[in-house]
Amino acid sequence: MAHTVLVVEDEEDIAFPLVRTLEREGYTVHWVASGKEALEALEASPTDVMILDLGLPDMDGLEVCRTAREGGFDGAIMIVTARAGELDRVVGLDYGADDYLAKPFGLAELQARVRALLRRTAGPGSNPQLPDGALRIDAGARRVYAGEVEVNLTGKEFDVLSVLVGQRGKVVSRERLMAEAWDENWYGSTKTLDVTIGRLRQKLEAAGVTDKVVAVRGVGFRLEGGGLPHA
């Protein structure tokens, strides 16, 4: 099963790229824009990591952090905020946060911190070994794994798979795949995409990956299968 990340951020221009990046790395991501919604989401479904902005429209993020801990939430909490002073960091950690990242931040650093939090909160009895056929993408390193075995992909094959993973279960149009994996101004034949998809399928099947790239006639492609585990 993929790890679940709850993003609590009221600014869409910050939330959208963050959600998209995390989804591409294989997480199940939920996004809410208020403290009340965040607390409701924690009660409604298991969450491994909550990425929490402090400047929310209805309540201070620190209060969300404190209330979550008092309510029994034992997942990781990462605070992301423009409040970068030492006192702010100390207060955030005292309220129950596990990590504190000042805005503006790089997405690669945030991804690395999420991975570190998941390792720390996995527990002594957890087994990091992935089941055979489980598909995992390391977006930062641009590497793909089937279980614990790396699947060697070309750059374009990786780009196409990343887009499909980010929209798992949904149809992605041929035009969008071409625009994101190649260039929106690409004037070559779309047969290039078919060839790339064909090679990608062969490599995933040969590696025993249970996820399937399915063609939707006249529209595009869809990635079907189980969740995307992340170590």
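Worth saying up front: this structure is predicted, and the values here are computed from it rather than measured. (Residues numbered from 1 in each chain as written. Predicted model: local features only at pLDDT ≥ 70, side-chain atom pairs only at ≥ 80, totals over all residues. Heavy atoms only, no water.)

S.K.: Is there a simple way to think about the pattern of salt bridges in this case?
M.R.: Counted under the stated rule, the structure contains 17 salt bridges. Between Glu180 and Arg24 there is a salt bridge, with its nearest N and O atoms 2.5 Å apart. Taken as a pair, Glu180 in helix H7 (residues 174-181) and Arg24 in helix H1 (residues 12-24) lie far apart in primary sequence, 156 residues in all. Overall, Glu180 belongs to the partly exposed group, its relative accessible area being 28%. (Salt bridge = Lys/Arg side-chain N within 4 Å of Asp/Glu carboxyl O. Helix = DSSP H or I, 4+ residues; strand = E, 2+ residues; numbered from the N terminus. Buried < 20%, exposed > 50% of the residue type's maximum accessible area, 1.4 Å probe, protein only.)

S.K.: Is there a simple way to explain the nonpolar core in this structure?
M.R.: Soluble globular proteins tend to pack their nonpolar side chains together in the buried interior. In this structure, Val160, Leu161, Leu164, Leu177, Leu193 and Val213 are the most contacted members of the largest nonpolar core, which totals 24 residues. At the level of elements, strand E6 (135-138), strand E7 (143-146), helix H6 (155-166), H7, helix H8 (191-206) and strand E11 (220-224) are the ones that each hand at least two residues to this core. The element that contributes the greatest number of residues to this core is H6, accounting for 6 residues. Residues in contact with Leu177, not counting those within four places in the same chain, are Val160, Val163, Leu164, Val172, Trp182, Leu193 and Phe221. (Core = buried A, V, L, I, M, F, W, Y, C linked by side-chain atoms within 4.5 Å. Contact = heavy atoms within 4.5 Å.)

S.K.: It is not clear to me how the packing of aromatic side chains should be interpreted in this structure. Could you clarify?
M.R.: The geometry of an aromatic ring pair is captured by the separation of the ring centres together with the interplanar angle, meaning the angle of the planes. As enumerated under the stated definition, the model contains 1 aromatic pair in all. Both rings, one in Phe16 and one in Trp31, keep their centres 5.2 Å apart while their planes meet at 80°; by these two values the pair is edge-to-face. Within this pair, whereas Phe16 is found in helix H1, its partner Trp31 is found in strand E2 (residues 28-32), the two being separated by 15 residues in sequence. Relative accessible area serves as the criterion here: at 44%, Phe16 is assigned to the partly exposed category. The exposure class of Trp31 is partly exposed, given its relative accessible area of 32%. (Phe/Tyr/Trp six-rings, centres within 6.5 Å; stacked < 30°, edge-to-face > 60°.)

S.K.: Just to check I follow, could you spell out H8 for this structure?
M.R.: For an α-helix, 3.6 residues make a turn, and residues three or four places apart therefore share a direction. With 16 residues, H8 ought to run about 22 Å at 1.5 Å a step, and its terminal C-alpha atoms sit 23 Å apart, in line with that. Those residues of H8 that fall on the buried side of the exposure criterion are Leu193, Thr196, Ile197, Leu200 and Leu204. For H8, the arc enclosing every buried residue in end-on projection is 100°, short of the 170-degree limit, so these residues lie on one face. Exposed residues lying more than 90 degrees from the buried face of H8 are Lys191, Gln202, Glu205 and Ala206. (Expected span 1.5 Å × (residues − 1). Arc of directions from axis to C-beta.)

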